[in-house]
Amino acid sequence: MKTLVAVSDTGSFSGAANVLHCVQSNVTSRIRRLEDHFGQKVFQRSKAGARLTNFGERLHEKAVVLLQQFEAAERDLLDAAGAGAPLSLGSMETTAAVRLPSVLKELKDQCPDSPISLETGPTGDLLARVWDRKINAAFVAGPVDADRFRSVKAFSEQLVCARTKSGDQSETLLAFRSGCSYRASAEAWLRSVGRSDTEVAEMGTLEGILGCVEAGLGFAVGPESAIRGYRNADQLSLSPLSAPFSDVATYLVWRIDHRPVQSHRQLIDILNDRN
């Protein structure tokens, strides 16, 4: 089942082998066993890659559900046995860089046997991954859809506009790709002051964004705590956004039907103690 999903996700047998850390012949033999068992072709292979057949689509749908159920059962049993169930987290990049190191250190000290993983991305992507059960919980910007997610407030942030102190600066907004909550706040703020036609240049990292701000290539909007951590923050001029765009909250969210394991519950306690 894992091999089937890996081939589908990567679009090729070689890509699945890389993801699964095995040789391609192992992937081929596992898929062949599936096909022999059901007497149906699962993938159509071509120079363009591997594509699920109609039967493969149905099998893939079942495989995803079965794997999720197995992982949830294994996680619950490890937690019940006190064996340290894993916790997979997501976070906005700025939160991961500035806010999470001390939180995760405290969590690891309190739950040393629990494997903890972290991936970063914009709020929209993280919420989708939590909902699809690809990660257990994520640090995202509010507001939170209470019909789909449970949440606990993690941090309060003040959004500021960062500009270079030296020379002229382009009036281009430098931001993460669509789905980033800070970009959405910046664009809403710009609309409120009659600048909805502001050009936006997308970049991949906060360090890159602030480096370009320092060079005069544009301005940026982000949490004051993160921008002040930039290596050349003294070269930037920071001004708070006007209300109601200046104050935002970051939440830890998880699916409403997800049962937190010990490390997740401990993380919630840590965040509550800090607020």
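Up top is the structure these notes are about.
Bear in mind that the values here come from a model prediction, so they are computed numbers and not experimental data.

### Some points on unusual backbone geometry
So, step 1. For the bond from G142 to P143, the omega torsion is 0 degrees, close enough to zero to count as cis.
So, step 2. Relative to the helices and strands, P143 resides in the loop between β5 (137-141) and β6 (149-164).
So, step 3. Of note, the bond from A243 into P244 is cis; its omega dihedral lies within 30 degrees of zero at 5 degrees.
So, step 4. When you line up the elements, P244 lands in the loop between β10 (236-240) and β11 (247-255).
So, step 5. For H21, which is not a glycine, the phi torsion comes out positive at approximately 60 degrees.
So, step 6. Along the polypeptide, H21 turns up in the loop between α2 (13-20) and α3 (24-38).
So, step 7. Positive phi, normally seen in glycine, also occurs at R133, with a value near 65 degrees.

### A look at the packing of α2 against α3
So, step 1. Running from amino to carboxyl end, α2 crosses α3 at an angle of 110 degrees, the nearest separation of the two axes being 8 Å. Relative to α3, α2 is oriented roughly perpendicular. Touching F13, S14, A16, A17 and L20 of α2 are Q24, V27, T28, R30 and I31, all from α3.

Cut-offs used in this document
Residues numbered from 1 in each chain as written. Predicted model: local features only at pLDDT ≥ 70, side-chain atom pairs only at ≥ 80, totals over all residues. Heavy atoms only, no water. Helix = DSSP H or I, 4+ residues; strand = E, 2+ residues; numbered from the N terminus. Axes fitted to C-alpha atoms, helices over the stretch in contact; angles between N-to-C directions. Parallel < 35°, antiparallel > 145°, perpendicular 65-115°, else oblique. Contact = heavy atoms within 4.5 Å.

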